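# Descriptive analysis of the structure
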Amino acid sequence: MTDNVWLLWPSREALSRMGVHRARRALAGGGRILAVGILLATTFIDSDLHGWGVAGAVLGVLVGGLGVWGFWKVTLEHRLLPSLGLLVLLFAIATVAEGAGLRVPALVVWCACAVSAMERLPLAAALPASAVALGTYAAVNNDAWLTTLATTAGLALAGYVLRLDAEARGSAQRLLAQERAARAAEAESAALAERARIAREIHDVLAHSLSAQLVHLEAARLLIERGAERDQILDRVVAARGMAREGLAETRQALSALRGELSPLEEFLSELVAETAGADVTVTGERRPLPAEASQAVRRVAQEALTNVRKHAPGAKIRIRLDYGEHEVMLNVRDSGAPPGEFTHSGAGYGLLGMRERAELLGGSLEAGPYEEGFVVTLKVPV
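Residues numbered from 1 in each chain as written. Predicted model: local features only at pLDDT ≥ 70, side-chain atom pairs only at ≥ 80, totals over all residues. Heavy atoms only, no water.

It is worth spelling out the overall build of the chain at this point. Within the chain, the secondary structure is distributed over 11 helices and five strands. Of all 383 residues assigned to the chain, the portion counted as buried reaches 36%. The contacts of the chain with a sequence gap of at least 6 include a subset with a gap of at least 24, amounting to 71%. Counting every atom, the chain has about 22300 Å² of accessible surface; 62% of that belongs to carbon and sulfur. (Helix = DSSP H or I, 4+ residues; strand = E, 2+ residues; numbered from the N terminus. Buried < 20%, exposed > 50% of the residue type's maximum accessible area, 1.4 Å probe, protein only. Contact = heavy atoms within 4.5 Å. Areas by Shrake-Rupley, 256 points an atom, 1.4 Å probe, with all protein chains shown as cover.)

Spelled out as structure tokens, the structure:
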């Protein structure tokens, strides 16, 4: 439902000094004080007030000043009845001043009330208030009727122009506040996303490292239960220790990646398969740097796929293919199949599930399943 424009108050941003430069406020305030000072000085010098008349005039000035200040405050708070009451008070002060022979101050008050009402009140109240003030001004003023008409029309137009200017300034302030809020929300969202990314990287590194360690420690346990030779058990423990070291190195690498210090992806894959017999890497397409998250996704999927091959098909040949497409990068990890290992049924399958979730967060996909005699994992990530 559209708000009735006649009942709408000017916004608080428009009614306040928000958005007005300090120098401009100081200049405007100084100009008002100077104008009022000259008006009062001229009035008291040219008038025939003496004794109690002077005291009454001073009291009227003080009450009028408080009325103007109060009108500014209550209109800022959008309180209609107090605003109209203070206008009535100012009208009364002007009427008393006119009766006391202070015509010029009275005319100034009526004109100021008309302009202020038009600028600061809802139009439904501003128009009648301005009409009363300007009508009284026209009735009291002894200028030619054409001059009086032009003056009243100009004052009404000036009040409305000031209203429009204030509303434009208020709209600009609201837009500025909304932009600042949007930037703050965007910064907070980016910080949360970055925290989630860091948590995901550390989780994936630890999950991969601990899973590999678990394979060797479980093997060591089985060997102990079977009464195997000490050297066989020691080999498994040493391998687990090596995986722990690799996990620490990968954690450091992940943190470096988050800082933008990524090593080339091809170099990483070559190092990953260097210690795996029967594994090779093929790279096709035009090589180029990838976004940090896409690069990390490829690295983590490659690590998880190799860990799964070591766990479920030890000794299988592994073929890794990295293809740089025009709009996406594809990683394909395929093994030739091998007799099931000791830990074929260990694990809950959360590694590939996590990789799939990572790929989907980037707008890509991950497919994993049996293929011919072995198993294949295919990752596609848009770049």
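Adjacent strands of a sheet form backbone hydrogen bonds with each other and so pair up, either parallel or antiparallel. One open sheet holds the five strands; their spatial order is S1-S2-S3-S5-S4, and the pairing between them is mixed. Since the sheet does not close on itself, it has two edges, and those belong to strand S1 (279-285) and strand S4 (365-371), each with one partner. This sheet shows a mean twist of 10 degrees between the axes of neighbouring strands, independent of strand direction. Both S4 and strand S5 (residues 374-382) contribute to a ladder of seven bridges, which runs antiparallel. Within the sheet, the bridge partner assigned to Tyr 371 lies in S5 and is Gly 374. Sheet strands touched by helix H9 (residues 265-273): S1, strand S2 (318-324) and strand S3 (328-335). Its angle to S2, the strand with the most contacts, is close to 175 degrees. Along the sheet, helix H10 (residues 292-312) contacts S2, S3, S4 and S5; its crossing angle with S5, the most-contacted strand, is approximately 175 degrees. (Pairing = 2+ DSSP bridges. Axes fitted to C-alpha atoms, helices over the stretch in contact; angles between N-to-C directions.)

Time to look at helix H6 (residues 123-140). Taking 1.5 Å of rise per residue, 18 residues should cover 26 Å, and H6 covers 25 Å from first to last C-alpha, within 8% of that figure. What H6 keeps buried is the set Leu 123, Ala 125, Ala 126, Ala 129, Ser 130, Ala 133, Leu 134, Tyr 137 and Val 140. For H6, the arc enclosing every buried residue in end-on projection is 150 degrees, short of the 170-degree limit, so these residues lie on one face. (Expected span 1.5 Å × (residues − 1). Arc of directions from axis to C-beta.)

Right, let's talk about the packing of helix H4 (residues 80-99) against H6 for a bit. Here H4 crosses H6 at 0 degrees, and the two axes come no closer than 12 Å. When the axes of H4 and H6 are compared, the pair comes out roughly parallel. In this structure, H4 contributes Leu 80, Leu 84, Leu 87, Phe 91 and Glu 98 to the contact, and H6 contributes Ala 125, Ala 129, Val 132, Ala 133 and Val 140. For the contact of H4 with H6, a count of residues per class yields nine nonpolar, no polar and one charged. (Parallel < 35°, antiparallel > 145°, perpendicular 65-115°, else oblique. Nonpolar A, V, L, I, M, F, W, Y, C, P; charged D, E, K, R; others polar.)

Predicted confidence across the chain gives a mean pLDDT of 79, with 81% of residues reaching 70 or more. Every residue in residues 341-350 scores below 50 in pLDDT, and together they form 17 contacts with partners more than four places removed in sequence or on other chains. (pLDDT = per-residue confidence, 0-100.)

If you look at the biggest cluster of nonpolar residues, it comprises 31 residues, and the most contacted ones within it are Ile 320, Leu 322, Leu 331 and Leu 379. Elements that contribute at least two residues to this core include exactly H9, H10, S2, S3, helix H11 (350-361) and S5. Ranked by residue count, the leading element in this core is H10, at eight residues. Counting 29 residues, the second-largest nonpolar core is a separate cluster that includes Leu 90, Phe 91, Leu 121 and Ala 125. (Core = buried A, V, L, I, M, F, W, Y, C linked by side-chain atoms within 4.5 Å.)

Turning next to unusual backbone geometry. Even without being glycine, His 78 reaches a positive phi, approximately 60 degrees. According to the relative accessible area criterion, His 78 is partly exposed, its value standing at 23%.

Turning next to the pattern of salt bridges. Tallied over the entire structure, the rule returns six salt bridges. Here Glu 225 and Arg 221 are joined by a salt bridge, their closest N and O atoms 2.4 Å apart. Placement of both Glu 225 and Arg 221 in helix H7 (residues 145-225) is noted, with a separation of four residues, approximately one turn of the helix. Classification of Glu 225 by relative accessible area gives exposed; the value is 55%. Between Arg 319 and Asp 280 there is a salt bridge, with the nearest N and O atoms lying 3.1 Å from each other. Taken together, the residues span a long stretch of sequence, with Arg 319 in strand S2 and Asp 280 in strand S1 at a distance of 39 residues. Arg 319 sits in the partly exposed class, given a relative accessible area of 39%. (Salt bridge = Lys/Arg side-chain N within 4 Å of Asp/Glu carboxyl O.)

Let us now look at H4. With 20 residues, H4 extends 29 Å from end C-alpha to end C-alpha; this agrees with the ideal 28 Å at 1.5 Å per step. Phi turns positive, to about 90 degrees, at Gly 101, one or two residues after H4.

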